[in-house]
Amino acid sequence: MDTMLTALYDGNCVVCRSTCGAMRALDWRKRIKFVDLHESGAGRERYPELSREQLMREIHVLDGDGKVYAGFKATRRMLREAPLGKPLWLLLLLPGMDALGARVYRFIARRRYRINALLGKDLPDCADDSCGMLR
């Protein structure tokens, strides 16, 4: 069965890896392929239209038609594809959820490396804050 979605995520991020793990559990049909943007040949090499800054800012999901979803909308798109994620996907379609979901997503995404540090996780590619995620 062909993969319908490709999710490009920050593999150095505990929050991101946990989210991908939860999505894998919900995706028993295996319709989502998860690609760590830090792996060789992953992010910008395979998807040159996406800048490193874009990829580091939020998760990006590409569908089979080449449409790109980012951040909250990417997460919601994955839930739509995962059979066990459909109830949450439906909840996230309620009026006002676009604005609220995007705001909560951005709040967490901007602070994810601080969350890593709170959990005692090393930041191999960001010890000098070259990623800009520790500010």
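Residues numbered from 1 in each chain as written. Predicted model: local features only at pLDDT ≥ 70, side-chain atom pairs only at ≥ 80, totals over all residues. Heavy atoms only, no water.

(A) Molecular detail of a nonpolar patch on the surface. On the surface, Leu100, Val104, Phe107 and Ile108 cluster together into a nonpolar patch covering about 350 Å² of accessible area. Within the element layout of this structure, Leu100 appears in helix 6 (residues 97-110). (Patch = residues over 30% accessible without salt bridge, like charges linked within 9 Å, V, L, I, M, F, W, Y side chains within 5 Å. Areas by Shrake-Rupley, 256 points an atom, 1.4 Å probe, with all protein chains shown as cover. Salt bridge = Lys/Arg side-chain N within 4 Å of Asp/Glu carboxyl O. Helix = DSSP H or I, 4+ residues; strand = E, 2+ residues; numbered from the N terminus.)

(B) Quick look at the environment of Leu50. By secondary structure assignment, the location of Leu50 is in the loop between helix 2 (43-46) and helix 3 (52-57). Considering only alpha carbons, one finds Leu50 and Val68, 18 residues apart in sequence, at a separation of 9.6 Å.

(C) Here's a closer look at the nonpolar core. In terms of nonpolar packing, the biggest core is built from 32 residues, with Phe34 and Met78 touching the most fellow members. Secondary-structure elements contributing two or more residues to this core are strand 1 (5-9), helix 1 (14-26), strand 2 (32-36), helix 3, strand 3 (60-63), helix 4 (72-81) and helix 6. Not counting residues within four places of it along the chain, the set of residues in contact with Phe34 comprises Ala7, Tyr9, Cys20, Met23, Arg24 and Met78. (Core = buried A, V, L, I, M, F, W, Y, C linked by side-chain atoms within 4.5 Å. Buried < 20%, exposed > 50% of the residue type's maximum accessible area, 1.4 Å probe, protein only. Contact = heavy atoms within 4.5 Å.)

(D) Just the pattern of salt bridges, in detail. According to the stated counting rule, one finds 5 salt bridges in the structure shown. Where Arg112 meets Asp10, a salt bridge forms, and the shortest distance between an N and an O atom there is 3.1 Å. Residue Arg112 is located in helix 7 (residues 112-118), and its partner Asp10 is located in the loop between strand 1 and helix 1; the two are separated by 102 residues in the primary sequence. The pair formed by Arg112 and Asp10 is uniform in burial state, with each residue classed as buried. The residue Arg31 makes a salt bridge to Glu81 at a minimum N-O spacing of 3.6 Å. Remark: Glu81 occurs in helix 4 and Arg31 occurs in the loop between helix 1 and strand 2; sequence separation between them is 50 residues. Its relative accessible area of 13% is what places Arg31 among the buried residues. Here the residues in one salt-bridge network are Arg29, Arg31, Arg77 and Glu81, joined through shared partners.

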